[in-house]
Amino acid sequence: MASLLLLTHFLCFTFTAIIPIFSAVSAEPAAKTYIFRVDSFSKPAVFPTHYHWYSSEFTEPVNILHVYDNVFHGFSASLSPSQAASILQHPSILAAFEDRRRQLHTTRSPQFLGLRNQKGLWSESDYGSDVIVGVLDTGIWPERRSFSDLNLGPVPTRWKGVCQTGDKFTAKNCNRKIIGARFFSKGHEAAPGFGGIGGGGINDTVEFKSPRDADGHGTHTASTAAGRHAFRASMSGYASGIAKGVAPKARLAVYKVCWKNSGCFDSDILAAFDSAVADGVDVISISIGGGDGISSPYYLDPIAIGAYGAVSRGVFVSSSAGNDGPNGMSVTNLAPWLTTVGAGTIDRNFPAEVILGDGRKLSGVSLYAGKPLNGKMYPIVYPGKSGVLSASLCMENSLDPHLVRGKIVICDRGSNPRVAKGMVVNKAGGVGMILANGVSNGEGLVGDAHLIPTCAVGANEGDAIKSYIASNPTASATINFHGTVIGVKPAPVVASFSGRGPNGLNPEILKPDLIAPGVNILAAWTDAVGPTGLDLDNRKAEFNILSGTSMACPHVSGAAALLKSAHPDWSPAAIRSAMMTTANLVDNRLQPMTDEATGKPATPYDYGAGHLNLDLALDPGLVYDLANEDYVSFLCAIEYGPKTIQVITKSPVNCPMKKPLPENLNYPSIAALFSTAAKGVSSKTFFRTVTNVGDTNAEYRVKIEAPKGVMVSVKPDKLVFSEKVRKLSYYATITVDSKNLVLNDSGAVFGSLSWIDGKHVVRSPIVVTQMSPL
């Protein structure tokens, strides 16, 4: 009975309808996929494997899709409600949740990160040689030059994975670079409306039932993390040069969990985590996040659960922060054992400009590579002035050909894909498009390989063009394209779309952790679709330019591979700490980084600890390390019970009698939350431990940049390390006076705490905010 009550507690937190399976139904509804967390210690010895136990335990046959053994004990199954209700009552079931669909978070960047050929992290790590990066994505196009195994040594002997064959993918598609490949489709195929009831399975006209990539996203992220040097690379002439990943000699293990046009399902993602850990990967890169805009509790989030299982085995997991910025609290993948990566710009751009009939020139960007307009002026029209939303967004079949034929059309950004809007304009007879940002996107721009002459412009420029049209019945314009420009300033800038803090589950943990290049990134591409990904785009491209936190995440995955190669004994937490405490806060003008959405200085809610800087991460001086028991203590602190924690950790745990504080997790950032109900002076004390990974005998002194209106004190203010003393702890006390505390627009104030020895600056961001009591 206790187990059933616990399950009810779990199910109340889900965002899908599991509860109705307990009610009587007149006709049995269609089967759904459920993921069950099982207490593995309950398995009778008579059964040789968990699969045999699960298959034999229940009163009627169960269609088991995946069995999880490594990061998670349990199984996923396609079940009718009555079957699910029966299984839920079994005493060995710890938790159950319904399968959910997830979304993908969709050159020059290695140099921009501080990597140099002759010295530093590339040479110290031998370019990541023999480190294995597992990529959970849409698969891979193995023939690309980025995946050549030329001059690579033998496959690491610790590798236990396989090269799974299938549609257009044979064992020969793996090599000493792509050392393993698997695909996971059972959850996808069982999902109603996708592969399951009414879905018809994998659509082999647009997809490959194999590790081969029909979408392009997986090929792009894999080559960003670990692509080999590819000379004379470009996307239709844009961004020409030598393409290379962050860790060019690292090995790749491909886990295809996402399928063209239908996303990625939790049951398949969890199976991929399970396989990747068993196979022997060192790093997992997952540019996937929640598709509903809501962050589930960790025990209901298979990405968090799978990642915990990986990190607990020493595997570094990098995840994307989501593309729902610049709204606050939009960051996803919040578990503290994940390294969560937001997106910034690099110092390369693809400028275009709109020239109006009155002579004004308005700047934008474009990757259009077709026949130019050659300065010819065309009438310009804005369908949105009619007040019809679908027309303003240039949705399918929304444009009147009589209105747009022979004209340049303004389309508002949003709802449908940016490149698809151009095809709608083209179908209606338009000759070009101006893609205008709305207020939510601000001035943040990304380049797209449009099929018709197109220039993307910011919200201010879009409003100016619309005003020009409204006041001029003979309004006209043309679009000029200016190729590739290097050395753009300022850079980096926080991308407007990048997911922002605060952390919506546990504000005591600052998320995102850091940002990395994620705007206009050149990397390898599939031959299955053109660079726009549209069915009508028949162009072939070896490389493509994409933007998103999906592109930022593999930069950090590749960086982790380099650091793991240079420092094999570092834990995932130590690697993350090295990146965070050495991150950049300034752009290439040596000015504070700005927010693309507002043009104002960015904050730790936007960039976490800062922008990845691999020139310094190799030798961070001190690291904030974490072990499994630290994460367990954190879960106890946020009031998860032992059975709930076991859903995440696999093993039973006991929480201490005295409840820990979540803010005392040994994280490389400090977030102080004070109650709005507290009047007068309030204080909070934080406990941290640092490990010396630099010179044996070192002396560090503290430097404090207190947030405005806040007092910060640190004891001791000096840390002295020796051959015998490698770890030291300190207390940081943050004091606020409610009368003097004035929060900024994001509801917080920001500062930092740094330990300095004359060579290293080990910096931790400080965030101080107020929250209403529950």
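Every value quoted in this text rests on a predicted model; they were computed, and no experiment measured them.

Caption draft 1: Local environment of the sheet that holds strand β36 (residues 748-756). With mixed pairing, 5 strands are arranged side by side in an open sheet as β30-β37-β36-β32-β34. Lying at the two open borders of the sheet, with one neighbouring strand each, are β30 (670-675) and β34 (718-721). Each neighbouring strand pair of the sheet contributes to a mean axis angle of 20°, computed without reference to strand direction.

Caption draft 2: Spatial organisation of the domain arrangement of the chain. If you check the domain split of the chain, you get domain 1 (32-98), domain 2 (109-347 + 492-617), domain 3 (351-483) and domain 4 (666-771). At the junction of the two partners, domain 1 supplies 13 residues and domain 2 supplies 21 residues. Buried area between domain 1 and domain 2, summed over both chains or domains, comes out near 1400 Å², and the portion from carbon and sulfur atoms is 66%. Considering only the surface of domain 1 that becomes buried against domain 2, H66, N70 and V71 emerge as the three largest contributors, covering 43% of it. If you look at where domain 1 meets domain 2, you find 0 salt bridges. With 4 residues, the single largest contributor to the side of domain 1 that touches domain 2 is strand β2 (residues 63-68). Partitioning the side of domain 1 that touches domain 2 into residue classes produces 7 nonpolar, 5 polar and 1 charged.

Caption draft 3: Spotlight on helix α15 (residues 572-581). Buried residues dominate α15, accounting for 10 of its 10 residues. Within α15, the full set of buried residues consists of P572, A573, A574, I575, R576, S577, A578, M579, M580 and T581.

Caption draft 4: Geometry of helix α19 (residues 642-649). For α19, the buried fraction is high: 6 of the 8 residues fall into the buried class. Where α19 is concerned, the buried positions are T644, I645, Q646, V647, I648 and T649.

Caption draft 5: Structural detail: the side chain of S754. Within the secondary structure layout, S754 lies in strand β36. If near-sequence neighbours (up to four positions away) are discounted, S754 is found in contact with R701, V702, K703, V761, V762 and R763.

Caption draft 6: Here's a closer look at unusual backbone geometry. Across the junction of G501 and P502, the peptide omega takes the value 5°, indicating a cis bond. Within the secondary structure, P502 is located in the loop between β25 (485-486) and β26 (514-517). In this structure, the amide linkage connecting K715 to the following residue, P716, adopts the cis form with an omega of -10°. Even without a glycine there, the phi angle at S236 is positive, about 55°. Structurally, the position occupied by S236 is in the loop between β8 (230-235) and β9 (238-243).

Caption draft 7: The state of the cysteines, seen in detail. Under the criterion given, the structure shown has 4 disulfides. Across the disulfide, C163 is cross-linked to C174 (sulfur-sulfur distance 2.0 Å). Between C163 and C174 the sulfur-sulfur dihedral comes to about 85°; the bridge is accordingly right-handed. Highlighted residues: C163 in the loop between β6 (132-137) and β7 (178-183) and C174 in the loop between β6 and β7, separated in sequence by 11 residues. Given a relative accessible area of 22%, C163 falls into the partly exposed group. In this structure C174 comes out as buried when scored by relative accessible area, which is 14%.

Caption draft 8: A look at the nonpolar core. Among the nonpolar cores identified, the biggest contains 61 residues, and F273, Y298 and W337 are the most heavily contacted of them. Those residues within four positions of W337 in sequence are excluded, and the remaining contacts are Y298, A304, A307, Y308, V311, R576, Y631, L635 and I648. Residues I140, A250, V254 and I575 belong to the second largest nonpolar core, which totals 44 residues.

Caption draft 9: Here's a closer look at the pairing of strand β23 (residues 454-457). Of the two faces of β23, the one carrying T454 and A456 and the one carrying C455 and V457 are both buried. Across 4 bridges, the pairing between strand β22 (residues 432-436) and β23 is parallel. Bridge pairing in β23 places L435 opposite A456.

Caption draft 10: Quick peek at the sheet that holds strand β13 (residues 283-286). One open sheet holds the 7 strands; their spatial order is β7-β10-β6-β13-β15-β16-β26, and the pairing between them is parallel. Where the open sheet ends on each side, the last strands, each with one partner, are β7 and β26. Each adjacent strand pair in this sheet contributes to an overall mean axis angle of 25°, direction not counted. Strand contacts of helix α7 (residues 217-226): β6 and β10 (251-256), with the helix running at about 155° to β6, the strand carrying the most contacts.

Each value, and the rule that gives it
Residues numbered from 1 in each chain as written. Predicted model: local features only at pLDDT ≥ 70, side-chain atom pairs only at ≥ 80, totals over all residues. Heavy atoms only, no water. Pairing = 2+ DSSP bridges. Helix = DSSP H or I, 4+ residues; strand = E, 2+ residues; numbered from the N terminus. Axes fitted to C-alpha atoms, helices over the stretch in contact; angles between N-to-C directions. Domains from an automatic or database assignment. Contact = heavy atoms within 4.5 Å. Buried area = accessible area lost by both parts, 1.4 Å probe. Salt bridge = Lys/Arg side-chain N within 4 Å of Asp/Glu carboxyl O. Nonpolar A, V, L, I, M, F, W, Y, C, P; charged D, E, K, R; others polar. Buried < 20%, exposed > 50% of the residue type's maximum accessible area, 1.4 Å probe, protein only. Disulfide = S-S within 2.5 Å. Core = buried A, V, L, I, M, F, W, Y, C linked by side-chain atoms within 4.5 Å.

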